[in-house]
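Secondary and tertiary structure notes
If you want the building blocks of each chain, they are given just below.
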Amino acid sequence: MLINSENGVIELETFATTLYKGMSIDQLKQTDFYKEKYHSIWNVKTGYFWYYFKSIEITGYQVSFSVCFFGNHLDIIHMNTWESNDAKDWKDWTEEKEMKVFHRNNTFLTQILERPPTQKKKIPYPSCTFNFPWGNVWSVYDPRSASSLMGINWNEEEKTNKK
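Remember, predicted model here, so these are calculated numbers, not experimental data. (Residues numbered from 1 in each chain as written. Predicted model: local features only at pLDDT ≥ 70, side-chain atom pairs only at ≥ 80, totals over all residues. Heavy atoms only, no water.)

**With respect to the environment of Leu 2**
Along the chain, Leu 2 turns up in the segment before strand E1 (10-12). In this structure Leu 2 comes out as buried when scored by relative accessible area, which is 3%. Sequence separation between Leu 2 and Thr 129 is 127 residues, and the spatial gap between their C-alpha atoms is 16 Å. For Leu 2, the contacting residues outside a window of four places in its chain are Val 9, Ile 10, Glu 11, Leu 12, Ile 58, Phe 65, Met 79, Phe 108 and Ile 112. (Helix = DSSP H or I, 4+ residues; strand = E, 2+ residues; numbered from the N terminus. Buried < 20%, exposed > 50% of the residue type's maximum accessible area, 1.4 Å probe, protein only. Contact = heavy atoms within 4.5 Å.)

**Looking at the nonpolar core**
Counting 37 residues, the largest nonpolar core has Leu 2, Ile 3, Ile 10, Phe 65, Met 79 and Leu 109 as the members making the most contacts within it. Sort the elements by how many residues they give to this core and strand E6 (residues 61-70) lands first, with five residues. Each residue touching Leu 109, except ones within four places of it in the same chain, is listed here: Ile 3, Met 79, Glu 114, Phe 130, Val 137, Trp 138, Ser 139 and Met 150. (Core = buried A, V, L, I, M, F, W, Y, C linked by side-chain atoms within 4.5 Å.)

**Remarks on the pattern of salt bridges**
Proximity of charged atoms lets side chains of opposite charge pair with each other. In total, this model carries five salt bridges according to the counting rule given. Close ionic contact of Lys 21 with Asp 75 constitutes a salt bridge, the shortest N to O distance being 2.5 Å. One end of the pair, Lys 21, is in the loop between strand E2 (17-19) and helix H1 (25-29); the other, Asp 75, is in strand E7 (residues 73-82), and 54 residues separate them in sequence. Judged by relative accessible area, Lys 21 falls into the buried class, the value being 6%. In this structure, a network of salt bridges that share partners links the residues Glu 83, Asp 86 and Arg 104. (Salt bridge = Lys/Arg side-chain N within 4 Å of Asp/Glu carboxyl O.)

This is how it looks when you write it as C-alpha cells:
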C-alpha cells in the first residue's frame, strides 16, 4: 500500500517512511527516504519550500515525489509516474505523450487505491479524482503547464498531525 485510504498518509515501506500532513521538515530529514532519494529544493520565497526526490519503484512504476512545506510543516504532496520514453525536454514534448503520462498516472492510482475514480472530468482540464472522508487523491493534465501530476488534498479538519 502507498496511500492509506483511512487517513491519506503515504507509506513508503521500502524506506520505513511515512509522509503526512503537518509533518515537520526535521522529521522528513531524519527518514531513509530523504537520506537516499533527496534531489533538490526550491525556495518559493513566500514561506513555501518544495523538496524534490529521485524516483522510486512502486508496483512496477517509477514514481517521483515533490513535497511542499509551508514554514516547517508538510502542506502539499505531488507525485508523478515516469518512463524512459517520456518527453525529456520541450523539443521532445507533445500533448499526445503527456496524455499518456496522465492516463498512466490514473492507472497507477486505480491500482494502488484498489478502486475506480470517484469522478472523471474533461473540462476545464482532464482530471481524475478519488474521494475519501479525509480528502481526495487526484490526477490532472494541465495544458497551461504542459504537465500531468497526481497529488493529495486533505480536508481542513484533517490538517493535523496524523501518525
